[in-house]
Amino acid sequence: MANIQLTRGLVTLTTIVRGLAIVGAVALCVVPAAFWLTRDWVSARGGYITGIGNHPMVLDDRAMLLGACSSLPGVALGLFALWQVWCLFGEYAQGRVFAPTAQRHLRRFAWGVLVLALITPFLRAAMGVALTLGNPPGQRLLALGFSWDDYINILCAAVLLAVATVMNEAVHLAEENDSFV
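Residues numbered from 1 in each chain as written. Predicted model: local features only at pLDDT ≥ 70, side-chain atom pairs only at ≥ 80, totals over all residues. Heavy atoms only, no water.

Some points on the overall build of the chain
The condition is simple: Each helix is a run of DSSP H or I of at least 4 residues and each strand a run of E of at least 2, with the numbering of both proceeding from the N terminus. Per-residue accessibility, obtained with a 1.4 Å probe over protein chains only, is compared with the maximum for each type, and a residue is labelled buried under 20%, exposed over 50%, and partly exposed between these values. Here, two residues are considered to be in contact whenever any of their heavy atoms come within 4.5 Å of each other. Each accessible area is a Shrake-Rupley result for a 1.4 Å probe, and residues are judged covered by the shown protein chains and nothing else.
On a plain count of helices and strands, the chain comes out with five helices and zero strands. By its C-alpha atoms, the chain is 75 × 25 × 20 Å across when sized along the principal axes. A total of 181 residues make up the chain; the buried ones form 33% of that total. Taking the intrachain contacts of the chain between residues at least 6 apart in sequence as the baseline, contacts between residues at least 24 apart amount to 73%. Total accessible area on the chain stands at roughly 10,600 Å², and carbon and sulfur atoms take up 69% of it.

Observations concerning helix H1 (residues 8-36)
Filter applied, for reference: Expected span of a helix: the number of residues minus one, times 1.5 Å. By definition, a residue's bend is the angle between the axes fitted to the seven residues ending there and the seven starting there.
With 29 residues, H1 should cover 42 Å at 1.5 Å per step; its first-to-last C-alpha distance of 42 Å lies within 8% of that length. If you look at H1, its biggest bend is around 25°, right at alanine 27. When H1 is considered as a whole, its buried residues turn out to be Thr14, Val17, Ala21, Phe35 and Trp36. Each element contacted by the buried residues of H1 is listed here: helix H2 (39-50), helix H3 (61-93) and helix H4 (100-132).

Regarding the nonpolar core
For the record, the criterion: Take the buried Ala, Val, Leu, Ile, Met, Phe, Trp, Tyr and Cys residues and link them wherever side-chain atoms come within 4.5 Å; each set so joined is a nonpolar core.
Ranked by size, the top nonpolar core spans 13 residues in total, and within it Val85, Leu88, Phe89, Tyr92 and Leu106 carry the most contacts. Among the secondary structure elements, those contributing two or more residues to this core are H1, H3 and H4. When residues of this core are assigned to their parent elements, the largest contribution, five residues, is made by H3. Leaving out residues up to four positions away in the same chain, leucine 106 has contacts with Leu88, Tyr92, Ala164 and Met167.

In short, shape yes, function no, at least from these values alone.
Right, dumping it as structure tokens:
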């Protein structure tokens, strides 16, 4: 399909979204690393983040390392999703809104967000185990929780996946109709 001419507002939006993707990628690289390198921060927020509340935690080197390792899949998926957004809005900025490459990036973004939304409760549970592994027997904890935010994230990702699928089908139908004319 031919490139489209973007309005000034859409050009601005593509620039903003690409900038936000960069900010998000930097934050995904810096914040989890800073969190797991700062025992006071883990002590203050770890129980809340993992769903274990005020349950005792032993923040030794093993707990900090295992906690950091358990956050890596989420960071990797987040970076993958942000890369897809960067590429998608790069295509949009060039006017290739309906190009196969743009459709592929939109689909990949939707899948990345969906997988991230589905595994996040398990990653939080793994972090909770890491933070309580040093506790004496009987005080170690596995807390698997599913929040309203998890539900909304899954729902939004499913909607994005549906939109990506519908857009892909629309592009194929338009190409098929153009071949008949």
